[in-house]
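# A structural walkthrough
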Amino acid sequence: MLLRYRGSEGMLAWAFHRISGVAIWAFILLHVLDIWLVGVNSELYDEVLAIYASPFGRVMESLLGAALLYHALNGLRIIIMDFWPSMTRYHKQLWYLSWVAFVLIGLPILIQIMAPAIGLEPPFRFGS
Amino acid sequence: MSYEITRSGRAKPRGSGWELAIWYLMRLTGIGLFVTALAHYIIVHFVYDPAVQDAVWVTARWASIAQRTIDWLMLTFVLFHAFMGLRTVIGDYTSGGLRAFLTMLLYLVGIVLFAMGTMVVVALPMPQVPA
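What counts, and where the lines are drawn
Per chain, the residues get numbers from 1 upward, laid out in the order the sequence is written. Numbering of ligands from 1 and lettering of chains from A proceed in the order in which they are written. Reporting of local features is limited, given that this is a predicted model, to residues whose pLDDT is at least 70; pairs of side-chain atoms are given and counted only at 80 or more, and all residues count toward the totals for whole chains, interfaces and linings. Put simply, DSSP marks the helices as runs of H or I at least four residues long and the strands as runs of E at least two long, and each gets a number from the N terminus on. Here the globule rule is a power law, 2.2 Å times the number of residues to the power 0.38, and the radius of gyration is based on C-alpha atoms. Counting other C-beta atoms within 10 Å of a residue's C-beta gives its exposure: the residue is buried at 20 or more, exposed at 12 or fewer, and partly exposed in between, where C-beta atoms are placed from the backbone. Think of each axis as a best-fit line through the C-alpha atoms, taken over the contacting stretch in the case of a helix, with angles from 0 to 180 degrees between the N-to-C directions. Working definition: roughly parallel below 35 degrees, roughly antiparallel above 145 degrees, roughly perpendicular at 65 to 115 degrees, and oblique for all remaining angles. What makes a crossing left-handed is the near helix being turned counterclockwise from the far one by less than a right angle; a clockwise turn instead makes it right-handed. Throughout, a residue-residue contact means that the two C-beta atoms, derived from backbone geometry, are no farther apart than 7 Å. Residues were grouped as follows: Ala, Val, Leu, Ile, Met, Phe, Trp, Tyr, Cys and Pro as nonpolar; Asp, Glu, Lys and Arg as charged; and all remaining residues, including Gly, as polar. Any nonpolar core is a set of buried residues, restricted to Ala, Val, Leu, Ile, Met, Phe, Trp, Tyr and Cys, that join up through C-beta atoms within 7 Å. The predictor attaches a confidence to each residue, called pLDDT, with possible values from 0 through 100.

### Thoughts on the overall build of chain A
When helices and strands are counted, chain A shows four helices and zero strands. When the helices and strands of chain A are read in sequence order from the N terminus, they spell out α-α-α-α. At 18 Å, chain A has a C-alpha radius of gyration far larger than the 14 Å of a compact globule built from 128 residues. Seen through its principal axes, chain A has C-alpha atoms that stretch 55 × 35 × 30 Å. Here chain A, with 128 residues, has 24% of them falling under the buried criterion.

What follows is the structure in structure tokens.
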């Protein structure tokens with residue numbers, strides 16, 4: 001449906017924004033609950049954390065990060081067009097620019113998160 | 001209700017009522033989240049590995065009142081933004097009694113989550129300082 005109904009950049013940008021938004025909303029439900037567990041049942045929280053740190057959890061976190069990054073960058077594009085309507089003329093270019101930023105920012109984060117799932121050390125190191 | 005046609009996530013409502021206030025607040029919280037939520041994701045997934053973030057780690061992170069304040073602000077932004085966003089989605093696909101019911105249910109869940117999140121960020125005891 002997404003690709004057959006017009007399928008132009010503006011429509012895809014809107015559809016991805018909505019899908020990623022609903023996905024992030026669902027994660028927020030889970031995330032408030034898991035942090036709430038730190039206070040009421042920290043042993044259960046630690047068990048949930050073990051799922052987050054598993055290879056399956058890392059794939060889900062990467063998908064979450066992709067949804068978050070797309071929604072943030074496209075949200076910025078929406079704000080630009082809402083407050084400077086003349087920029088709407090360049091809505092396609094802004095969308096392509098957001099994808100460039102998506103890949104440049106997202107790729108190092110993806111590698112860092114997924115490295116432990118395939119038995120490697122995270123490549124970027126911080127602190128001592 | 002009348003709208004301006006835009007390429008936006010949601011057309012700007014005319015007038016100066018609640019709907020317009022919510023429209024502005026969606027953009028304001030969006031900018032707030034661009035900073036706080038992206039920074040949060042980078043800290044807990046890029047700087048630190050998820051595997052180390054057990055309950056002790058979370059408690060140590062919340063040894064700082066400033067960190068608790070930032071996290072509570074982020075909670076407030078994200079619950080407003082996510083739940084008002086979903087309200088727009090519900091409004092687009094339902095109508096009448098079903099829309100009213102789902103919207104009320106949504107607000108109820110949002111208020112409960114705000115209470116739970118506020119409870120833990122305020123009341124989680126400070127870490128025990130080793131003597």
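### Topic: the packing of helix α3 (residues 55–83) of chain A against helix α4 (residues 91–114) of chain A
Residues and elements named next belong to chain A. One can describe the packing of α3 onto α4 by two numbers: an axis separation of 9 Å at closest approach and a directional angle of 155°. Considered as vectors, α3 and α4 are oriented roughly antiparallel to each other. Classified by chirality, the crossing of α4 by α3 is right-handed. Across the interface between the two elements, Arg58, Glu61, Ser62, Gly65, Ala66, Leu69, Tyr70, Leu73, Asn74, Arg77, Ile80 and Met81 from α3 touch His91, Leu94, Trp95, Ser98, Ala101, Phe102, Ile105, Gly106, Ile109, Leu110, Ile113 and Met114 from α4. Split by residue class, the contact of α3 with α4 holds 15 nonpolar, six polar and three charged.

### Observations regarding the interface of chain B and chain A
Tallying the contact residues gives 34 residues for chain B and 40 residues for chain A. Elements with a contribution of two residues or more to the side of chain B that touches chain A: α1 (18–47), α2 (55–61), α3 (65–93) and α4 (96–123) of chain B. It is α1 of chain B that provides the largest number of residues to the side of chain B that touches chain A, a total of 10 residues. When its residues are assigned to classes, the side of chain B that touches chain A shows 21 nonpolar, eight polar and five charged.

### Notes on the nonpolar core
Formed by 28 residues in total, the largest nonpolar core has its most connected members in Val38 and Leu68 of chain A together with Val78 and Ala82 of chain B. Sorting the residues of this core by element identifies α1 (9–40), α2 (42–52) and α3 of chain A together with α1, α3 and α4 of chain B as the ones contributing at least two each. Not counting residues within four places of it along the chain, the set of residues in contact with Ala82 of chain B comprises Ile24, Trp25 and Ile28 of chain A.

### Quick notes on the packing of α3 of chain B against α4 of chain B
All names here are of chain B. As a packed pair, α3 and α4 sit with axes 10 Å apart at the nearest point and diverge in direction by 170°. Here α4 runs roughly antiparallel to α3, going by the angle between their axes. Residues Arg68, Asp71, Trp72, Leu75, Leu79, Phe83, Leu86, Arg87, Ile90 and Gly91 of α3 lie in contact with α4, whose contacting residues are Arg99, Leu102, Thr103, Leu106, Gly110, Leu113, Phe114, Gly117, Thr118 and Val121. Looking at the contact of α3 with α4 residue by residue, the class counts come to 11 nonpolar, five polar and four charged.

### Focus: the confidence of the model for chain B
The predicted model of chain B has a mean per-residue pLDDT of 91, with 91% of residues at 70 or higher. Model confidence for the complex: the whole-complex pTM is 0.91, and ipTM, which rates the interface, is 0.91.

### Details of the confidence of the model for chain A
Looking at chain A, pLDDT values average 92 and 93% of them are 70 or higher. When the elements of chain A are averaged for pLDDT, α1 of chain A gives the smallest value, 95, and α3 of chain A the largest, 97.

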